[in-house]
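Each chain, letter by letter, is given below.
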Amino acid sequence: MSKSSVWVSLSVGLALGFAGGRVARPTELATGTAHAANVAAKAPAPGARPRAPISPTVYKVPVNDSPTAGAEDALVTLVEFSDYECPFCSRANGTVKQLQERYGRKLRVVMKHHPLANHPRARPAALAALAAGEQGKFWEMHEALFANPRALSEADLELYAMKVGLNVSRWNQDRADPRLAERIRQDEALAMQLGATGTPAFYVNGRFISGAQPLEVFTGVVDEELSKAEALVRTGVRPVEVYARTISAGKDSPPPRQLMPEEPAIQQVDVGAAPSRGPADAPVTVVAFSDFECPFCARVVPTMKALEAAYPGKLRVAFKHQPLTQHPNAKLAAEAAMEAHAQGRFWEFHDVLFANQRNLDRASLEGYARQVGLDVGRFNAALDSRKHDAHVSADVAQAMRVGATGTPTFFINGRPVTGAQPVEHFRAIIDDELRKAAR
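Nothing here was measured: the structure is a model prediction, and the numbers come from that model. (Residues numbered from 1 in each chain as written. Predicted model: local features only at pLDDT ≥ 70, side-chain atom pairs only at ≥ 80, totals over all residues. Heavy atoms only, no water.)

Asks: Help me understand the overall build of the chain, please; the structure alone is not making it clear to me.
Replies: A tally of regular secondary structure across the chain gives 17 helices and 10 strands. Long-range contacts, defined here as pairs at least 24 residues apart, represent 80% of the contacts in the chain between residues at least 6 apart. Just so you have it, the chain exposes about 18800 Å², and 52% of that area is on carbon and sulfur atoms. (Helix = DSSP H or I, 4+ residues; strand = E, 2+ residues; numbered from the N terminus. Contact = heavy atoms within 4.5 Å. Areas by Shrake-Rupley, 256 points an atom, 1.4 Å probe, with all protein chains shown as cover.)

Structural data, given as structure tokens:
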């Protein structure tokens with residue numbers, strides 16, 4: 001892939017926690033620090049709040065066929081999980097460019113895609129970038145997208161394609177190639193496995209940095225990893241083998257969080273007629289009570305998909321409706337989803353609704369029905385007759401009985417989990433239930 005000649009130089013700082021869809025990992029809050037040598041050279045300003053050091057834990061983050069910029073034999077590899085509609089990712093892009101300018105051929109940058117559910121244009125933008133890569137223009141498109149995170153409509157994407165010199169007809173064909181969609185899905189699954197639940201997330205020779213941290217946070221980690229890599233080379237390891245050697249013994253996922261000592265009581269939550277994925281006899285069943293207009297419910301959609309990918313054949317996921325009264329379109333969206341279920345398209349419709357939470361009026365729902373291939377006549381008749389009102393109302397009543405007073409609420413073999421928790425929280429409970437099932 002060719003490098004872009006256009007970069008934006010920005011140096012940014014950002015508070016941790018919930019920001020731009022980002023959730024800081026509880027086990028390793030990456031508040032960041034410069035390497036000790038840099039701290040000595042540049043003391044913090046009086047009264048400045050010190051940053052905790054970046055964890056030395058190394059994660060196994062494969063490059064695979066992701067777009068890369070930099071030499072294959074670079075001693076430091078920075079893998080980024082990013083979202084083109086995320087403003088914090090756009091800011092961090094300037095910091096990445098500063099790192100490339102500073103370290104030259106010693107640094108390789110790898111881009112992986114993690115479009116968040118609450119950013120409806122992030123996935124089309126990711127496909128646009130990968131399709132540009134089919135013509136050797138990934139990084140040029142990458143830069144155009146990050147320079148315009150609020151202008152990612154279809155017309156905008158086509159304009160950028162023309163500006164970077166693509167064959168637009170071929171580019172449009174490539175965007176529809178299922179192979180590219182699968183690459184994004186694999187990136188998302190890897191991000192969730194690693195605990196990178198938000199964007200941007202970075203791994204510097206496998207070490208996690210969360211969010212659009214200041215430049216000195218990155219340089220501190222890069223300098224430290226560069227020193228380690230040079231020591232490896234002195235032992236006879238070839239530079240091209242350094243990254244593979246560094247992550248070979250890395251962790252595949254973060255350690256599970258400790259479960260609360262007084263976990264809420266287990267509930268009896270049947271699947272019933274709810275839409276579900278996974279084998280009916282799976283040892284672990286997750287029942288979700290959710291609301292299509294709830295942003296926290298959207299945030300956990302990629303978490304559920306990552307869990308399904310991580311536990312094939314062992315996990316069943318069922319969806320129940322809990323449209324909250326403060327969300328005026330949630331009830332109608334729930335009924336529309338059940339009609340999609342009646343026509344065998346629930347999960348496709350589910351994904352479209354969560355990707356378009358701000359547009360759930362009747363006309364929009366009809367458009368989504370056409371988009372996923374429903375019989376629109378049947379769809380409209382079902383909504384007009386309130387055919388699925390009783391099903392949605394029964395779900396709401398069950399939610400109240402089992403204590404699911406807010407959304408999202410999950411029951412993992414009856415064990416309650418409230419809110420859009422990090423993926424490792426779900427994994428800890430699922431792993432515990434699988435151990436019980438194996439006894």
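Following the structure, the description resumes.
Asks: So what exactly am I meant to see when it comes to the side chain of Thr-303 here?
Replies: Along the chain, Thr-303 turns up in helix α11 (residues 301-310). The buried category is assigned to Thr-303, whose relative accessible area is 3%. Ignoring sequence-local partners within four residues, the contact set of Thr-303 consists of Met-192, Gln-421, Val-423 and Phe-426. (Buried < 20%, exposed > 50% of the residue type's maximum accessible area, 1.4 Å probe, protein only.)

Asks: Would you mind showing me how to read the packing of helix α12 (residues 330-342) against helix α13 (residues 346-355) here?
Replies: Running from amino to carboxyl end, α12 crosses α13 at an angle of 150°, the nearest separation of the two axes being 7 Å. In terms of orientation, α12 and α13 fall into the roughly antiparallel class. Only Phe-346, Phe-349 and Leu-353 of α13 make contact with α12, whose side of the interface consists of Ala-333, Ala-336, Ala-337, Ala-340 and His-341. Among the residues forming the contact of α12 with α13, the class breakdown is 7 nonpolar, 1 polar and no charged. (Axes fitted to C-alpha atoms, helices over the stretch in contact; angles between N-to-C directions. Parallel < 35°, antiparallel > 145°, perpendicular 65-115°, else oblique. Nonpolar A, V, L, I, M, F, W, Y, C, P; charged D, E, K, R; others polar.)

Asks: Is there a simple way to explain the sheet that holds strand β9 (residues 409-412) in this structure?
Replies: Spatially, the 5 strands line up as an open sheet ordered β6-β8-β7-β9-β10, and their pairing is mixed. The two strands at the open ends of the sheet, each matched to only one other strand, are β6 (276-277) and β10 (415-418). As paired strands, β9 and β10 are joined by 4 bridges and run antiparallel to one another. Looking across to β10, one finds that Phe-410 is bridged to Val-417. Across the face of the sheet, α11 comes into contact with β6, β7 (284-290), β8 (315-321) and β9 while running at roughly 155° to β8. With respect to the sheet, α13 is in contact with β6, β7 and β8, its orientation differing from that of β8 by roughly 60°. (Pairing = 2+ DSSP bridges.)

Asks: Before we go on, may I ask you to explain the confidence of the model for the chain in this structure?
Replies: Any segment with low pLDDT has predicted coordinates that should not be analysed in fine detail. Taken over all residues, the pLDDT of the chain has a mean of 87, while the share at 70 or more is 86%. The model gives residues 1-51 a pLDDT under 50, and that stretch makes 124 contacts with residues more than four places away or in other chains. (pLDDT = per-residue confidence, 0-100.)

Asks: Would you mind going over the pairing of strand β3 (residues 107-113) with me for this structure?
Replies: Looking down a regular strand, the side chains alternate between one sheet face and the other. Burial analysis of β3 places 7 of its 7 residues in the buried class, the great majority of the element. In β3, alternate side chains face the same way, and those of Leu-107, Val-109, Met-111 and His-113 on one face and Arg-108, Val-110 and Lys-112 on the other are all buried. Strand direction decides the pairing type here: strand β1 (residues 68-69) and β3, joined by 2 bridges, are antiparallel. Note that in β3 the partner of Ala-69 across the bridge is Val-109. As paired strands, strand β2 (residues 76-82) and β3 are joined by 7 bridges and run parallel to one another. When the bridges of β3 are listed, Leu-78 appears paired with Val-109. Handedness of the crossover is the feature at issue here: the chain leaves β2, passes through helix α2 (residues 87-103), returns alongside β3, and the resulting connection is right-handed. (Right-handed = clockwise from strand over helix to strand, strands pointing away.)

Asks: What am I meant to see in helix α17 (residues 423-438) here?
Replies: In an α-helix, one turn spans 3.6 residues, which is why side chains three or four residues apart end up on the same side. In a regular helix each residue adds 1.5 Å, so 16 residues correspond to 22 Å; α17 covers 22 Å between its end C-alpha atoms and thus fits that length. Within α17 the residues assigned to the buried category are Val-423, Glu-424, His-425, Phe-426, Arg-427, Ala-428, Ile-429, Ile-430, Asp-432, Glu-433 and Leu-434. (Expected span 1.5 Å × (residues − 1).)

Asks: Can you help me understand unusual backbone geometry in this one?
Replies: In this structure, the amide linkage connecting Thr-199 to the following residue, Pro-200, adopts the cis form with an omega of -10°. Relative to the helices and strands, Pro-200 is located in the loop between α7 (178-194) and β4 (201-204). Looking along the chain, the bond that leaves Thr-407 and enters Pro-408 is cis, with omega of -10°. Here Pro-408 is to be found in the loop between α16 (389-401) and β9. Located in the positive-phi region is Asn-413, a residue other than glycine, with phi close to 50°.

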